[in-house]
Amino acid sequence: MTNPLCDPYLVLTKVYGGGKYLKQSLAETPVEFINKPRTVKICYGVLEKDIYLNNIISANTQKPPKSAVRLILKIALYMLEFMSKHDYMVVDSAVELTKKLGKDGASGFVNAFLRSYSLPPEPQSADEKISLECSAPLWFVKRVRRSYKSEAAEILSAASEGISVRFERNAENYLDKPHIDTPFENVYIFKNFIRDENFDNGGYTFQSVGSVAICNAVEPCGKILDACAAPGGKSVLLSKKCDAVTANELHPHRAELIKAYAGRMGAENITVNVGDSTVFNPEYENKFDAVLCDVPCSGTGVINENPDIKLFRKEEDIASLNETQLAVLKNCSRYVKSGGRLYYSTCSILPEENDSIVYKFLQDCKGFTLEIPESPLAHRRTKFGLQFLPHISLGVGFFITSFKRG
């Protein structure tokens, strides 16, 4: 039988060492099929608990282990602390993998560490305590506590509810599986869902309930521009309520993803364009009845589904993202017809990316009136929009608001 640490190590090496997103690394790494669910669980778990695991390693070593050994320790610690695996099996497998990687000299250290480590005492600082308990970066904890006060730990520890599936047809054939109803028609969340041939023929698609909520807030119209459209889920759903969708995407390879998505779902009223939504396109001026700016953001509202965000997102990124967000919104506002609507959305829970951007836009761009939409998904109404939060909104953290052009 394959060493249970081997496949997770191969996948996570590409994340920690190569900077790849976990979903990409899982897709391109051959793993033992029979044990793939275990491998996926371990990979997600290690990233979700990265800060917690790092804390244990730091507290029990005098100097940081080399990257390969550190990763082996993280995987083993996750299995010991969160999967209730037999100590001897995990330790022996970790030592075996260390030797297999040609690091015989470190095998004794790995063996001794895993047999003798102890959990460090809790920190005294409230921020640091939450950071460890939720395994969230300290800078992120501080910002969330500042914005959400006593709810911070609950928000940061909220787990994903499962796999969100939007059905085009025959949803009833799948509802014998354990699922959660959502407030949106033909959208359900499953704890486990195995893709079958109906995915390929457009019978259903995987789409976050937050993404569906954004589209639900958009009113039916004639022509709509989806300004930052990849991978295409919103464009496809909007194609059902708008006469024509122009899906704009900066990167050509991601534009191809939109085309493939639209083709699979049979959405024939979508035109895909490659372009930078921060740069004015004169052909789009005053052309659209509605424009959706689902802007690049920190992704802090979907960390529970994408734990690698904790590794890759840095506090200094926020200011740069804010510049892009405001630039997209201001530029794309020029594409809205008189009487048309402009929508702004993110998958972030940080007010700096949401209310603050809306405030700056209203200060800088006259002729737009704020009209906050409604949503059947549980949310908090902020000064400038609707904030969906992971602990109340079926596991997702998104923001949406809208403006009407005079």
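Above: the structure in question.
My aim in this report is to walk through the structure given alongside it, one point at a time. Fair warning: this is a prediction, and the values are worked out from it, not measured in the lab.

Here the focus is the nonpolar core. Counting 55 residues, the largest nonpolar core has Phe-140, Val-144, Leu-156 and Ile-224 as its most contacted members. With 6 residues, the top contributor of residues to this core is helix H12 (residues 209-217). When residues no more than four places from it in sequence are discounted, the contact partners of Phe-140 are Leu-156, Thr-300, Ile-303, Ile-349 and Leu-350.

The next thing to look at is the pattern of salt bridges. Applying the stated criterion to the full structure yields 22 salt bridges. Where Glu-151 meets Arg-380, a salt bridge forms, and the shortest distance between an N and an O atom there is 2.8 Å. Taken as a pair, Glu-151 in the loop between helix H9 (138-148) and helix H10 (152-157) and Arg-380 in strand S11 (residues 380-381) lie far apart in primary sequence, 229 residues in all. Residue Arg-380 is classed as partly exposed on the basis of its relative accessible area, which comes to 32%. The partner of Arg-166 in a salt bridge is Glu-168, and the shortest N-O contact between them spans 2.8 Å. According to the relative accessible area criterion, Arg-166 is buried, its value standing at 3%. Take Glu-168: its relative accessible area is 26%, and that puts it in the partly exposed class.

Topologically, Gln-387 is positioned in strand S12 (residues 386-387). What makes Gln-387 buried here is its relative accessible area of 3%. Of the polar contacts made by the side chain of Gln-387, one reaches the side chain of Asn-354; its length is 3.0 Å. With sequence-adjacent residues up to four places away left out, Gln-387 is seen in contact with Tyr-148, Ser-348, Ile-349, Asn-354, His-379, Arg-380, Thr-382, Gly-397, Phe-398 and Phe-399.

Right, let's get into the packing of aromatic side chains. By the definition in use, this model includes 26 aromatic pairs. Taken together through their ring pairs, the aromatic side chains of Phe-167, Tyr-174, Tyr-188, Phe-190, Phe-193, Phe-199, Tyr-204 and Phe-206 make up a single cluster. We note Arg-264 situated over the ring of Tyr-261; from NZ or CZ to the ring centre the distance is 5.1 Å. A cation sits over an aromatic face here: Arg-334 above Phe-280, 3.6 Å from the ring centre.

Here is what the cut-offs are and how they apply
- Residues numbered from 1 in each chain as written.
- Predicted model: local features only at pLDDT ≥ 70, side-chain atom pairs only at ≥ 80, totals over all residues.
- Heavy atoms only, no water.
- Core = buried A, V, L, I, M, F, W, Y, C linked by side-chain atoms within 4.5 Å.
- Buried < 20%, exposed > 50% of the residue type's maximum accessible area, 1.4 Å probe, protein only.
- Helix = DSSP H or I, 4+ residues; strand = E, 2+ residues; numbered from the N terminus.
- Contact = heavy atoms within 4.5 Å.
- Salt bridge = Lys/Arg side-chain N within 4 Å of Asp/Glu carboxyl O.
- Polar contact = N/O pair within 3.5 Å; in protein donor to acceptor, adjacent residues only side chain to side chain.
- Phe/Tyr/Trp six-rings, centres within 6.5 Å; stacked < 30°, edge-to-face > 60°.
- Lys NZ or Arg CZ within 6 Å of the ring centre and 35° of its normal.

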